[in-house]
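# Residue-level structural notes
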Amino acid sequence: LIWTQADNTTQLLHSLQENRYHSRAIHHCHREINTLHHNLSRPPNTHKMVEEEVPLPILFHDVTPIPQEDGPHPVCAISYKEDFTEAMNYLRAVLRANELSARALKLTSICLKLNPANYTVWHFRRRCLQNLSSSSSTKFAPESIQSDLEFSSKLGGSNPKNYQIWYHRRALLEPTFEAEMIKQKEGKEKGKEDEDDIIQKAKEELNYINGVLENDGKNYHAWSHRQWVLRTICFPPSIYNSELDYVHKLILDDPRNNSAWNHRWFITHKGCTRKPLSSLEDVQKEITYAMQCAEVDPFNESPWRYVIGFLEECKKYSGSEGNDVMEAADVKSLINSCEQEITKMRGNLGSTEYDVDSCVHLTSAKIDILEMKGDDISLEQAANLAKDLETEHDLIRKKYWKLREKEIRSRLSGSKTDY
């Protein structure tokens, strides 16, 4: 707008004065006259121009604002702030005109600062960015991506659980990342410089997520976004080792962080693209890790579910086609080893001031393992433990344990040893 209207600035000022326009606009126009013609000496830069603090009545001097229509007798009219009302009135007009310009982009910035959760504004902003892009190879211009990532970071600082901000970051990066993924699948050659640049962008996004999780290690949106980045980009193997170190640190900070445990599963399975783990050694390593965490705090459910998850996965895939690493004998050995460790922990816990039977998650894990064994003695023991939880130690889930006991006892009549 500055570029195209600079020659008419003086005329505009006179028009504003004649119509006794808003005094703020007149004052600002006086100040801007001395700088507008200076911009003519260099090519326009869209992203610098949209940062200019130009009052909306001047920026949209040719647009008639559209006020919000609440009807003739609103039951409970919301008392919006003046700047919010003004911005939204201009936004309605711009939306109706479908104007995808630099000044419309500026308007979305103002509206989003006033309300970062407005999905419509975020969507319209991306349409503006796409329309203003000078890139022929990507949906958004590289400078637009970087500029808007910084913009969303600023808004996200005080809105770390805002759905729209996280989606906007993904929408900005998605065209570039997914184009890279398609190239990988099709086996197309790509320059090492391009590949390194994409991986660097992905690492920068992971670093941004690190900062968010530092303040809130259980932010679901941050974890979901992190896993999307890791799934989309074909990282070198070293990145998964770094992720294991990172998630280990978070588990040490908060052993009951279920999100961190979930991410550890995600990483050990290379983004859920590999089931089960490719070696018995890897499985034993993860089970040992979880059992050590459970030994520190047997009342923590997270490591017990992690162990059971691995055992159930091993049992499911053992001896299956394409999995010649995990044999049935190996799974049987793992299950027996875990049962022995649990028995040992129950004994250690019994020698403390804690009531071993009140450690529900430990008992629950033992029931699952006994069910996996499947012989009569194991099933009988599992049913009795479920009965104890139902009647004494986990009354809040009484109906659940009653159902589990019934299911286990139904297997006793025609019991078949699984392992």
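Look above for the structure.
Okay, so let's go over this structure.

Analysis parameters
Residue indices begin from 1 for each chain and proceed along its sequence in written order. Local features are withheld for residues below a pLDDT of 70 in this predicted model, meaning they are given only at 70 or higher, and side-chain atom pairs are given and counted only at 80 or more; totals for whole chains, interfaces and linings count all residues. Calculation of side-chain values draws on the structure's entire complement of heavy atoms; hydrogens and water are dropped beforehand. Under the scheme used here, helices are H or I runs from DSSP no shorter than 4 residues and strands are E runs no shorter than 2 residues, and both carry numbers assigned from the N terminus. Contacts were defined at the residue level, with two residues in contact if any of their heavy atoms lie within 4.5 Å. Only one rule defines a salt bridge in this text: a Lys or Arg side-chain nitrogen within 4 Å of an Asp or Glu carboxyl oxygen. Burial here depends on accessible area, computed with a 1.4 Å probe over protein chains only, as a share of the maximum for the residue type. Under 20% is buried, over 50% is exposed, and the range in between is partly exposed. Under this scheme, a helix contributes an axis fitted over its contacting stretch, all axes are lines through C-alpha atoms, and angles between N-to-C directions fall in the 0 to 180 degree range. An angle below 35 degrees is treated as roughly parallel, one above 145 as roughly antiparallel, one from 65 to 115 as roughly perpendicular, and anything else as oblique. For a crossing to be left-handed, the near helix must be turned anticlockwise from the far one by less than a right angle; the clockwise case is right-handed. For this classification, the nonpolar set comprises Ala, Val, Leu, Ile, Met, Phe, Trp, Tyr, Cys and Pro, the charged set comprises Asp, Glu, Lys and Arg, and every other residue, Gly included, is treated as polar. Pairs were defined over the aromatic rings of Phe, Tyr and Trp, the Trp ring being its six-membered one, requiring ring centres within 6.5 Å. Orientation was assigned from the angle between planes: stacked under 30 degrees, edge-to-face over 60, tilted for the rest. Distance and angle both matter: a charge sits over a ring if NZ of Lys or CZ of Arg is within 6 Å of the ring centre and within 35 degrees of the ring normal. Residues with no salt bridge and a relative accessible area higher than 30% make up the patches, which join like charges within 9 Å and nonpolar side chains (Val, Leu, Ile, Met, Phe, Trp, Tyr) within 5 Å. What sets the accessible areas is the Shrake-Rupley method with a 1.4 Å probe; for residues, cover comes only from the shown protein chains. The sign given to each residue is positive for Lys and Arg and negative for Asp and Glu; His and the chain ends receive no count. We put the charge of a Lys on NZ, of an Arg on CZ, of an Asp on CG and of a Glu on CD. Working definition of a nonpolar core: buried Ala, Val, Leu, Ile, Met, Phe, Trp, Tyr and Cys residues. They are joined through side-chain atoms within 4.5 Å.

### Here we look at the environment of R256
- When you line up the elements, R256 lands in the loop between α13 (238–253) and α14 (258–268).
- Taking the C-alpha atoms as reference, R256 lies 9.5 Å from D297; in sequence the two are 41 residues apart.
- R256 has contacts with K218, D297, F299, N300 and S302, leaving out every residue within four places of it along the chain.

### Quick look at the pattern of salt bridges
- In the structure shown here, the tally under the stated rule is 21 salt bridges.
- Residues D197 and K201 are paired through a salt bridge, measuring 2.8 Å at the closest nitrogen-oxygen approach. Here K201 and D197 lie together in helix α11 (residues 192–215), a separation of 4 residues that amounts to about one turn.
- According to the relative accessible area criterion, K201 is partly exposed, its value standing at 30%.
- Between R411 and E371 there is a salt bridge; the shortest N-O distance is 3.7 Å. Of this pair, R411 sits in helix α20 (residues 398–412) while E371 sits in helix α18 (residues 360–373), and the two are 40 residues apart along the sequence.
- By relative accessible area, R411 is classed as partly exposed at 27%.
- Residue classification places E371 among the buried positions, given a relative accessible area of 16%.
- Overlapping salt bridges bring together R305, D368, E371, R404 and R411 as one network.

### Comments concerning the packing of α14 against helix α16 (residues 301–317)
- Direction vectors running N to C along α14 and α16 enclose 25°, while the axes themselves pass 10 Å from each other. By the angle between their directions, the pair α14 and α16 is classed as roughly parallel. The chirality of how α14 crosses α16 is right-handed. Residues N258, W261, R264, W265 and T268 of α14 pack against S302, P303, Y306, G309, F310 and E313 of α16.
- Of the residues belonging to the contact of α14 with α16, the class tally is 5 nonpolar, 4 polar and 2 charged.

### A short note on the packing of aromatic side chains
- A complete count under the given rule lists 12 aromatic pairs for this structure.
- Ring geometry for Y80 against F84: centres 5.0 Å apart, planes inclined by 25°, an arrangement best described as stacked.
- Assessed through its relative accessible area of 33%, Y80 is described here as partly exposed.
- Each ring, one from Y306 and one from F310, has its centre 5.0 Å from the other, and the planes form 70°; the classification is edge-to-face. Taken together, the residues Y306 and F310, both in helix α16 and 4 residues apart, mark about one turn of the helix. Across the pair, exposure class does not vary: Y306 and F310 are buried alike.
- By the ring-pair criterion, three or more aromatic residues cluster together here, those being W261, W265, Y289, Y306 and F310.
- One Lys or Arg, R125, reaches over the ring of F151 and ends 4.2 Å from the middle of that ring.

### Considerations on a positive patch on the surface
- On the surface, a cluster of positive charge is contributed by K387, K398, K399, K402 and K406.
- When residues of the positive patch are assigned to their parent elements, the largest contribution, 4 residues, is made by α20.
- You can see K406 is positioned in helix α20.
- Assessed through its relative accessible area of 62%, K406 is described here as exposed.

### Here's the deal with the nonpolar core
- Within the largest apolar cluster, 90 residues are counted, with the highest numbers of intra-cluster contacts made by L107, F235, I287 and L311.
- Top element by residues in this core is α11. It accounts for 8 residues.
- Setting aside residues no more than four positions away along its own chain, F235 makes contact with I199, A202, K203, L206, V229, L230 and Y240.
- Residues L370, L379, A383 and L389 belong to the second largest nonpolar core, which totals 11 residues.

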